[in-house]
Amino acid sequence: QVQLVESGGGLVQAGGSLRLSCAASGFTFSSAALSWYRQAPGKERELVATVTSAGDRTNYADSVKGRFTISSDNAKNTLYLQMNSLKPEDTAVYYCNAKKLWRLTSYWGKGTLVTVSS
């Protein structure tokens, strides 16, 4: 029943910006941990950023600190990732993930492709 659908990916030049969205259904943004992951070609999937639905905790991968901002709109059950000053090494498929703080089970979207050209 739970579905996460990412959007907003595309092709952008280095130094540009994109905003990714993840719309959730069958899952309410309460007492939840919401995250963005990415996987580049030939590399392992890595955690990019996490925010609690309460907005009181955030963390970012060192590679994106100061450039990316994660946020959630709980009324819309939508997670966002604002990406600025994009670099070619940011090229990857970006996935959203959601879980309740009190459960082990998490849910994944199918991903959206971000390509940053030099």
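Going by the structure above, here's the rest.
A.B. asks: Would you mind going over the overall build of the protein chain in detail, with residue names and values included?
C.D. replies: Secondary structure summary: the protein chain contains zero helices and 11 strands in total. When its helices and strands are written in sequence order, the protein chain yields β-β-β-β-β-β-β-β-β-β-β. With respect to the principal axes defined by its C-alpha atoms, the protein chain has extents near 40 × 25 × 25 Å. For the protein chain, the residues scored as buried account for 41% of the 118 residues in total. Counting only contacts in the protein chain whose residues sit at least 6 apart along the sequence, the fraction spanning at least 24 positions is 55%. Per element, the accessible surface of the protein chain, about 6400 Å² overall, is 49% carbon and sulfur. Taken as two groups, the 13 positive and 8 negative side-chain charges of the protein chain have centres that lie 5 Å from each other.

A.B. asks: Could you give an account of the sheet that holds strand β8 (residues 78–83), with specific residues and numbers?
C.D. replies: On the basis of which strands lie adjacent, the open sheet formed by four strands has the order β1-β3-β8-β7 and antiparallel pairing. Each having just a single partner strand, β1 (3–7) and β7 (68–73) make up the two edges of the open sheet. Going from strand to strand, the sheet's axes swing by 15 degrees on average, the running direction of each strand aside. Pairing of β1 with strand β3 (residues 18–25), which is carried by five bridges, proceeds in the antiparallel orientation. Each bridged residue has a counterpart across the sheet, and for Ser7 the counterpart in β3 is Ser21.

A.B. asks: Which residues make up the side chain of Thr50, and what values do they have?
C.D. replies: By the element assignment, Thr50 lies in strand β5 (residues 46–52). According to the relative accessible area criterion, Thr50 is buried, its value standing at 13%. Within the local environment of Thr50, its side chain forms a polar contact with the side chain of Ser35, the two groups lying 2.8 Å apart. Those residues in contact with Thr50 that sit more than four places away from it in its chain are Leu34, Ser35, Arg57, Thr58, Asn59 and Ile70.

A.B. asks: Lay out the packing of aromatic side chains in plain terms, naming residues and giving numbers.
C.D. replies: With the rule as written, the count across this model stands at three aromatic pairs. Relative to Tyr107, the ring of Phe27 has its centre 6.0 Å away and its plane inclined at 65 degrees; by these criteria the two rings are edge-to-face. In this pair, Phe27 is assigned in the loop between β3 and β4 (32–39) and Tyr107 in strand β10 (residues 106–108), connecting sequence segments 80 residues apart. Assessed through its relative accessible area of 23%, Tyr107 is described here as partly exposed. Each member of the aromatic cluster is reached from another via a ring pair, and the members are Phe27, Phe29 and Tyr107. Looking at Arg45, its charged tip hangs above the ring of Trp108, at a distance of 4.8 Å from the centre. The ring of Phe27 carries Lys100 above its face, with NZ or CZ at 4.9 Å from the centroid.

So, how was this worked out
- Residues numbered from 1 in each chain as written.
- Predicted model: local features only at pLDDT ≥ 70, side-chain atom pairs only at ≥ 80, totals over all residues.
- Heavy atoms only, no water.
- Helix = DSSP H or I, 4+ residues; strand = E, 2+ residues; numbered from the N terminus.
- Buried < 20%, exposed > 50% of the residue type's maximum accessible area, 1.4 Å probe, protein only.
- Contact = heavy atoms within 4.5 Å.
- Areas by Shrake-Rupley, 256 points an atom, 1.4 Å probe, with all protein chains shown as cover.
- Lys, Arg positive; Asp, Glu negative; His and termini not counted.
- Charge placed at Lys NZ, Arg CZ, Asp CG, Glu CD.
- Pairing = 2+ DSSP bridges.
- Axes fitted to C-alpha atoms, helices over the stretch in contact; angles between N-to-C directions.
- Polar contact = N/O pair within 3.5 Å; in protein donor to acceptor, adjacent residues only side chain to side chain.
- Phe/Tyr/Trp six-rings, centres within 6.5 Å; stacked < 30°, edge-to-face > 60°.
- Lys NZ or Arg CZ within 6 Å of the ring centre and 35° of its normal.

These values are about where atoms sit, not about what they do.
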